[in-house]
Amino acid sequence: MAYQRVVLLLFLTTYCDSANILYAIPFTSKSHYIMLRPIGLELARRGHNVTVITANRETNPPPNYREIMVDDKEIWDVMGGERPNIFTMVNLSAEEFHEKIFWYAGTAFTELTLNSTAVKAFLNEENTFDLVICEQFFQEALYALAHKYRAPLALVTTYGNCMRHNFVTGNPLQVATAISEFLDLDDPTSFWGRFRNSYFTLYEYVWWKYWYLGKQEALVKKYIPGLPQPTPSLFDIQRNNSLMLINSHFSYDTPVAYLPNIVEIGGIHLTKTENSLPKDLQRLLDDSKQGVIYINFGSNVRSAELPIEKRDAFLKVFGKLNQTILWKWEDKTLHGQLRNLVTKPWLPQREILAHPNIKVFISHGGLIGTQEAIYNGVPIIGIPIYADQFNNLLLVQQIGFGRVLRYQDINENALESVLNDVLTNKSYASKAKEMSKRFNDRPMNPLDTAVYWLEYVIRNKGAEFIKNPARNMSWYEYTLFDVYISVAIVVLVSVMITNMLIRKLANLPEFSISIRKHKKVQ
Ligand SMILES: *[C@@H]1O[C@H](CO)[C@@H](O)[C@H](O)[C@H]1NC(C)=O
């Protein structure tokens, strides 16, 4: 065994140039970590020396995987408030959500990261890196680490296509078809949909670029001293990124044009399976011959905080069904309420969704869970609460493997009719199966794809040639505004000159006579 390991290690060190990689993914959110985790571990498995700035400790990390822990604090503590009932966020507009949550929490969280004891000690060490990978999520200050170590920067996001990804890589925005992930528009391509999206894109861009990035710059000055001079702005550091890995796939997302250094890796967390169902759940699901309705609003939303009347609507409808109901419910209030209801404070979602007896997934529409349902071909009833959830679910409804139920509309009748529809109309299940095939039909699985491109950037020392030259142009050069204006000026001036000449000539006596003569000859 030991001998084999040595041979394997030798093989790894000889055949893939092992690189020093810094992977900065400090945001605590469980759902973000589910998606980001496999990248760091796979890079380590392939023999790279991986240093991870993280808030989620691995139970059994490989020796070449070093964790720099962010101080252990809940996002709500960092923001200096109580954890709110997340269901109340359903009423926030995209603008309010940015003002009250993202920008506020993003700044607080970036500061917590940079001010963490272990992170500060790490930044004081002498290290070199061949690649810095950062999550792109309101924590731009960390991109300065790429400049600190003079290493290429790769960005990875838990979202699909978004305005900032396009801006920082010089990719076309495609506002008419690519909707901001935070808007809830019933008809995104209608006039109002495109108007709303244009307005929000502009709003987000102006606040992000001219206000939010300034706050992040201040954090760089405060916590990352001694950067090589001159230090580019955070906007320029981002625009110089080599690779952007995004969490989408055209098989279910809106297809849009991408530059070669924007790579879709949606479904990356599903590539490798490590766990199986716990015995009690396996038995429960196996024995539920009538099928199972699985309900889980994700790691941030707590079902137990549902208002009583909405909770009772669920219970009344579930009570009339033959199926088993499996619900992530965080306390014991529902114990023994219904013969067919099983609640647990936490459930292994991807393993549950892989079970053939799952008939429908009632979900808040988080991207990770939606991808898990797609991967396993499970129809969805989506109740969106915040952020990108409505958009994810609208796609599900448009494609036809599920339906959206607005949180405000939850009552016994609405719930019963949606559930009956999705359970009895076979088209939802068959579309879900088709989606699963489409989603998995790729030349290379998303984990290998991500690692391939990260190693590509290392091999090509930042792959300068892959970056869009447009990112160094001003807006008027990039939009050809200067060209249009010059054409307009030339046209305008020619028209004016022609006009003037005609008038002048028309007034000349010889000219008028010659015209008359000419006419007579004819
Ligand atoms: C691995 O990375 C760490 C930085 O966290 C560095 O101190 C160490 O020297 C690296 N090891 C190798 C073998 O390069």
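Novice: What exactly am I supposed to notice about the pattern of salt bridges here?
Specialist: Oppositely charged side chains can form a pair if their charged atoms are brought close together. Applying the stated criterion to the full structure yields 23 salt bridges. For E95, the salt bridge identified is with R196, shortest N-O distance 2.9 Å. Note that E95 is positioned in helix α4 (residues 94-114) and R196 in helix α8 (residues 191-223), a separation of 101 residues in sequence. The pair formed by E95 and R196 is uniform in burial state, with each residue classed as buried. Between E412 and K320 there is a salt bridge whose closest N-O contact spans 2.9 Å. Pair noted here: E412 is in helix α15 (residues 412-424) and K320 is in the loop between α11 (308-319) and β9 (324-328), with a separation of 92 residues, a long-range link. A relative accessible area of 47% places K320 in the partly exposed class. What emerges from the salt-bridge pattern is a single network uniting E42, R45, R46, K272 and D448.

Novice: Got a minute to help me understand a nonpolar patch on the surface in this structure?
Specialist: On the surface, a nonpolar cluster with roughly 930 Å² of combined accessible area is contributed by W475, Y476, F481, I485, I489, V493, I497, L501, L505 and L508. For the nonpolar patch, the elements supplying multiple residues, two or more each, are α18 (475-478) and α19 (481-507). A total of seven residues in the nonpolar patch trace back to one element, the largest contributor, which is α19. By the element assignment, L501 lies in helix α19.

Novice: I would appreciate a short explanation of the packing of helix α13 (residues 367-376) against helix α16 (residues 426-440) in the present structure.
Specialist: With their axes 6 Å apart at the nearest point, α13 and α16 run at an angle of 100° to one another. On the basis of their axis angle, the class for α13 and α16 is roughly perpendicular. Within the contact between the two elements, α13 uses Q371, I374, Y375 and N376 and α16 uses A432, K433, M435, S436, F439 and N440. A class-by-class count of the residues in the contact of α13 with α16 yields five nonpolar, four polar and one charged.

Novice: Any chance you could explain the nonpolar core here in plain terms?
Specialist: Looking at soluble globular proteins, one finds that nonpolar side chains tend to be buried together. Ranked by size, the top nonpolar core spans 98 residues in total, and within it F314, F318 and W327 carry the most contacts. Per element, the largest residue contribution to this core is 10 residues, and it comes from α4. If you count residues domain by domain, this core takes at least three from each of domain 1 (20-271 + 445-472) and domain 2 (279-440). Grouped together as the second largest cluster of nonpolar side chains are 30 residues, I39, L243, I265 and I458 included.

Novice: For this particular structure, what's the right way to read the packing of aromatic side chains?
Specialist: This structure, assessed with the given rule, holds 42 aromatic pairs. On the numbers, 6.5 Å between centres and 50° between planes, the contact of Y205 with W208 is tilted. Residue Y205 and its partner W208 are both found in helix α8; the two are separated by three residues, about one turn of the helix. A residue is classified by how much of its surface remains accessible, and Y205, at 15% relative accessible area, is buried. Positioned above the aromatic ring of F235, the side-chain terminus of K209 is 4.4 Å from the ring centre. Stacked on the ring of F439, the Lys or Arg R442 has its end atom at 4.7 Å from the ring centre.

Novice: Would you explain empty space enclosed by the protein in this entry?
Specialist: Space left empty within the atom packing is revealed by a probe, the size of a water molecule, rolled over the atoms. Using the criterion set out here, one finds three cavities of 30 Å³ or more in the structure. Here the largest cavity defines a volume of roughly 100 Å³. Within the residue set of the lining of the largest cavity, elements represented by two or more residues are α7 (163-169) and α8. The residue makeup of the lining of the largest cavity, split by class, is six nonpolar, five polar and no charged.

Novice: It is not clear to me how the site of the ligand should be interpreted in this structure. Could you clarify?
Specialist: Around the ligand sit N20, N49, T51, R66, F122 and N127, and that is every residue in its neighbourhood. Measuring from an oxygen atom of the ligand, one finds a side-chain N or O atom of N49 at 2.4 Å. One nitrogen or oxygen atom from the side chain of R66 is found 2.7 Å from an oxygen atom belonging to the ligand. Surface burial for the ligand is 51%, taken as the share of its 360 Å² of free accessible area covered by protein chains.

Novice: Please clarify how the environment of I86 should be interpreted in this entry.
Specialist: Structurally, I86 can be placed in the loop between α3 (75-78) and α4. Take I86: its relative accessible area is 1%, and that puts it in the buried class. Through-space distance from the C-alpha of I86 to that of N300 is 7.4 Å; in sequence the pair is 214 residues apart. Look past the residues within four positions of I86 in its chain and what remains in contact with it is W76, N300, V301, E305, I385 and Y386.

Novice: Explanation requested: the side chain of D421 in the structure shown.
Specialist: Mapped onto the fold, D421 is located in helix α15. Side chain to side chain, D421 and R403 meet in a polar contact 2.7 Å long. Setting aside residues up to four positions removed in sequence, D421 forms contacts with R403 and Y428.

Novice: Just checking my understanding: could you explain the domain arrangement of the protein for this structure?
Specialist: When the parts of a complex come together, some accessible area is lost, and that lost area is often taken as the interface size. For the protein, the domain assignment lists domain 1 (20-271 + 445-472), domain 2 (279-440) and domain 3 (480-521). Of note, the centres of domain 2 and domain 3, computed from C-alpha atoms alone, are 73 Å apart.

Novice: How should I be thinking about the sheet that holds strand β3 (residues 65-69) in this particular structure?
Specialist: Strand pairing in a sheet relies on backbone hydrogen bonds, with the paired strands running either antiparallel or parallel. Taken together, the seven strands give an open sheet; going across it, the order is β3-β2-β1-β4-β5-β6-β7, and neighbouring strands pair in parallel fashion. The open sheet has two free edges, formed respectively by β3 and β7 (262-264), since each of these has just one partner strand. Each adjacent strand pair in this sheet contributes to an overall mean axis angle of 20°, direction not counted. The sheet contact formed by strand β4 (residues 131-135) and strand β5 (residues 153-156) spans four bridges and is parallel. Residue pairing across strands places I133 opposite A154, the latter belonging to β5. Contacts from helix α2 (residues 30-45) reach β1 (20-25), β2 (49-54), β3, β4 and β5, with the element oriented near 170° to β1. Against the sheet, helix α5 (residues 117-124) touches β1, β2 and β3, its axis set at about 120° to β3.

Conventions adopted
- Residues numbered from 1 in each chain as written.
- Predicted model: local features only at pLDDT ≥ 70, side-chain atom pairs only at ≥ 80, totals over all residues.
- Heavy atoms only, no water.
- Salt bridge = Lys/Arg side-chain N within 4 Å of Asp/Glu carboxyl O.
- Helix = DSSP H or I, 4+ residues; strand = E, 2+ residues; numbered from the N terminus.
- Buried < 20%, exposed > 50% of the residue type's maximum accessible area, 1.4 Å probe, protein only.
- Patch = residues over 30% accessible without salt bridge, like charges linked within 9 Å, V, L, I, M, F, W, Y side chains within 5 Å.
- Areas by Shrake-Rupley, 256 points an atom, 1.4 Å probe, with all protein chains shown as cover.
- Axes fitted to C-alpha atoms, helices over the stretch in contact; angles between N-to-C directions.
- Parallel < 35°, antiparallel > 145°, perpendicular 65-115°, else oblique.
- Contact = heavy atoms within 4.5 Å.
- Nonpolar A, V, L, I, M, F, W, Y, C, P; charged D, E, K, R; others polar.
- Core = buried A, V, L, I, M, F, W, Y, C linked by side-chain atoms within 4.5 Å.
- Domains from an automatic or database assignment.
- Phe/Tyr/Trp six-rings, centres within 6.5 Å; stacked < 30°, edge-to-face > 60°.
- Lys NZ or Arg CZ within 6 Å of the ring centre and 35° of its normal.
- 1 Å grid on protein atoms, 1.4 Å probe; cavity = no way out; pocket = protein on both sides within 12 Å on 5 of 7 lines; lining within 4 Å.
- Points joined across faces, edges and corners; volume = space filled by probe spheres on them.
- Near = heavy atom within 4 Å.
- Polar contact = N/O pair within 3.5 Å; in protein donor to acceptor, adjacent residues only side chain to side chain.
- Pairing = 2+ DSSP bridges.

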